[in-house]
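Given next are the chains, with one letter for each unit.
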Amino acid sequence: MQKISTLIFSEDLSTSEVLKLLVSEFDNLELLEQTSDFSKIFEILSNITDKSLFIVDLSVKKQEKLDLMLKISQQCPNCKILALSDNPSVDLIIQIMRAGAKEFLTVPILKNEFFDAINKLISQLEEPKKINKCKIISVFSNKGGIGKTSLASNLALELSKITKENVALIDMNFQMGDITTFLDLKPSFNISYMLENIDKINETFLLSTLERYKNSSLYVLADPPYFKQADTIHPKQITKLFNTLKETFSYIIVDAEASFDGKNIAALDNSDMILLVSVANLPTLRNTQRCLELFDKLGYDKEKTKIVINRYMENDEIKEDDIEKVLSKQIYWKIPNNYFAIMSAINKGVPVSIINSSTNVAQSYKDLAQHISDNLYKQNMAKRFENILNNF
Ligand SMILES: Nc1ncnc2c1ncn2[C@@H]1O[C@H](COP(=O)(O)OP(=O)(O)OP(=O)(O)O)[C@@H](O)[C@H]1O
Ligand SMILES: [Mg+2]
């Protein structure tokens, strides 16, 4: 049986001794000599081509260790990290997970928890399963010209910048998509091509056929250029496309069409979150209200739909409270009105942050991306670390 090289790193002598003792109870773990030299740790682990385990105590020198963990998780694919801390908090756990640790335990260590964590890591090392954590977020409104494409394209780019993970942006406006104009792209392939080749698709195919936005981790799937191509697309194919994309991307952002056409509904059905865009005027709010009723009829969980008020102004005649009363739902996000910044970005074919990252609207898209990614991390972790988080 091939042993898993295990490196322990804790400045605290007693923690370190306990860890050594616990690790020695596993026949398939082989303890490596301890060192407190950060660069040596990286060197040792990056030279191990077989499976390895890194147990790191973040009770002190937290940031340096987070940096080291990130480097290891990015460059040593066969190394799993177990992080420890004597001072856990939700924020720390988020940082630890972002740095690539697969398990987390509090110090002092409880034997049973330690064994559980190690067993999980060993099974991940033995049969690396791809955990599908992709989230599909549709940006929708049943009224046109409300700011969907602006939100979808800027949000997708900000998410890719914040998370550094692969994000797909899909234009579901089959007859007059705008994403290629908004981002000034001339993609070689579009959604029709992708659907025609759906059975051949794998990660390499996806990453080479979707249009990568500059040097980012944002990939765009454009609408078909000819009306005719859209007619032949069946809603079931949309579901199949999403299932395929989910294996490669961490986020799929859908710029949905302002309609209840079957393809569009398929996209909404498959979404984990719908950002329902509205503005603070009565006709639009009425439409939004109708839309919420329809989502109810479609059986969507109320939590799935989030209200985004675009072009928000503090001095709007219709106030936040009024909106929430009309919709019987809380506002999730407000995007400030900034016609100049938005138009200048659209006309230049760049995201708003390129025009000026400090404008209120650019900041709002960025904050929204941060909020969404933080919440998803928290949800994922809540599932995995239910016991620990319940103590906060
Ligand atoms: N936050 C904002 N502040 C000011 N103006 C905005 C804002 N967001 C969008 N707009 C304006 O609204 C117009 C429509 O935006 P966008 O194209 O993003 O909407 P859409 O819902 O995708 O439209 P369509 O239904 O045609 O696809 C933009 O050209 C811009 O002028
Ligand atoms: Mg649009």
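Everything here concerns the structure above.
Residues numbered from 1 in each chain as written. Chains lettered and ligands numbered in written order. Predicted model: local features only at pLDDT ≥ 70, side-chain atom pairs only at ≥ 80, totals over all residues. Heavy atoms only, no water.

Participant: Where do I start with the packing of aromatic side chains in this structure?
Facilitator: Describing an aromatic ring pair means giving the distance of the ring centres and the angle of the ring planes. According to the stated counting rule, one finds 9 aromatic pairs in the structure shown. Residues tyrosine 193 and phenylalanine 205 carry aromatic rings whose centres are separated by 6.2 Å and whose planes lie at 10° to one another, so their mutual orientation is stacked. In this pair, tyrosine 193 sits in helix H8 (residues 191-196) while phenylalanine 205 sits in helix H9 (residues 203-209), placing the two residues 12 residues apart along the sequence. Taken together, the ring pairs connect Phe140, Phe260, Phe295 and Tyr300 into an aromatic cluster. Positioned above the aromatic ring of phenylalanine 174 is the side chain of lysine 263, whose terminal nitrogen or guanidinium carbon lies 5.4 Å from the ring centre. (Phe/Tyr/Trp six-rings, centres within 6.5 Å; stacked < 30°, edge-to-face > 60°. Helix = DSSP H or I, 4+ residues; strand = E, 2+ residues; numbered from the N terminus. Lys NZ or Arg CZ within 6 Å of the ring centre and 35° of its normal.)

Participant: What exactly am I supposed to notice about the side chain of aspartate 316 here?
Facilitator: Positionally, aspartate 316 belongs in the loop between strand E12 (305-312) and helix H14 (320-327). Among buried Asp, Glu, Lys and Arg side chains, aspartate 316 stands out as unpaired, with lysine 319 the closest opposite charge at 7.3 Å. Filtering out sequence-adjacent residues up to four positions away, aspartate 316 remains in contact with Ala280 and Arg311. (Buried < 20%, exposed > 50% of the residue type's maximum accessible area, 1.4 Å probe, protein only. Lys, Arg positive; Asp, Glu negative; His and termini not counted. Salt bridge = Lys/Arg side-chain N within 4 Å of Asp/Glu carboxyl O. Contact = heavy atoms within 4.5 Å.)

Participant: Before we go on, may I ask you to explain the layout of surface pockets in this structure?
Facilitator: To find leftover empty space, a probe the size of one water molecule is rolled over the atoms. In this structure, the second largest pocket encloses a volume near 470 Å³. Listed by contribution, the elements that provide at least two residues to the lining of the second largest pocket are helix H6 (148-163), E12, strand E13 (331-336), helix H15 (339-348) and helix H17 (360-384). Per-element accounting of the lining of the second largest pocket gives the leading share, 4 residues, to H15. Considered class by class, the residues forming the lining of the second largest pocket number 12 nonpolar, 9 polar and 4 charged. (1 Å grid on protein atoms, 1.4 Å probe; cavity = no way out; pocket = protein on both sides within 12 Å on 5 of 7 lines; lining within 4 Å. Points joined across faces, edges and corners; volume = space filled by probe spheres on them. Nonpolar A, V, L, I, M, F, W, Y, C, P; charged D, E, K, R; others polar.)

Participant: Looking at this structure, how should I read the sheet that holds E13?
Facilitator: Pairing between the strands of a sheet comes from backbone hydrogen bonds, and it takes one of two forms, parallel or antiparallel. With mixed pairing, 8 strands are arranged side by side in an open sheet as E8-E9-E7-E10-E6-E11-E12-E13. Whereas interior strands pair on both sides, the edge strands pair on one side only; in this sheet they are strand E8 (211-212) and E13. Both strand E6 (residues 135-140) and strand E11 (residues 273-279) contribute to a ladder of 4 bridges, which runs parallel. Directly across from serine 138, in E11, lies its bridge partner isoleucine 274. Along the sheet, H6 contacts E6, strand E7 (167-171), strand E9 (218-221), strand E10 (251-255), E11, E12 and E13; its crossing angle with E10, the most-contacted strand, is approximately 165°. (Pairing = 2+ DSSP bridges. Axes fitted to C-alpha atoms, helices over the stretch in contact; angles between N-to-C directions.)

Participant: Please clarify how the site of ligand 1 should be interpreted in this entry.
Facilitator: In the region of ligand 1, 19 residues are neighbours, and Gly145, Gly147, Lys148, Thr149 and Ser150 sit closest. One of the side-chain N or O atoms of threonine 149 is found 2.7 Å from an oxygen atom in ligand 1. Between ligand 1 and the protein, one listed contact pairs a nitrogen atom with a backbone N or O atom of proline 336 at 3.0 Å. The protein chains hide 84% of the 630 Å² of surface that ligand 1 would expose on its own. Put simply, ligand 1 lies in the second largest pocket. Secondary structure elements with two or more residues in the shell around ligand 1: H6, E12, E13 and H15. The greatest single-element share of the shell around ligand 1, amounting to 4 residues, is contributed by H15. (Near = heavy atom within 4 Å. Polar contact = N/O pair within 3.5 Å; in protein donor to acceptor, adjacent residues only side chain to side chain. Areas by Shrake-Rupley, 256 points an atom, 1.4 Å probe, with all protein chains shown as cover. Sits in = over half its atoms within 2 Å of the grid points.)

Participant: Would you explain the pairing of strand E3 (residues 52-57) in this entry?
Facilitator: For a regular strand, side chains alternate in direction, first toward one face of the sheet and then toward the other. In terms of burial, E3 is a largely internal element, 6 of the 6 residues being buried. Burial along E3 is two-sided: the residues Ser52, Phe54 and Val56 and Leu53, Ile55 and Asp57 are all buried. Here strand E1 (residues 4-9) runs beside E3; their pairing, made up of 5 bridges, is parallel. By the bridge assignment, leucine 7 is partnered in E3 with phenylalanine 54. Of the strand pairs in this sheet, E3 and strand E4 (residues 79-85) are connected by 6 bridges, and their pairing is parallel. Among the inter-strand pairings, leucine 53 is bridged to a residue of E4, identified as lysine 80. Regarding the hand of the β-α-β motif, the stretch spanning E3, helix H3 (residues 62-75) and E4 is right-handed. (Right-handed = clockwise from strand over helix to strand, strands pointing away.)

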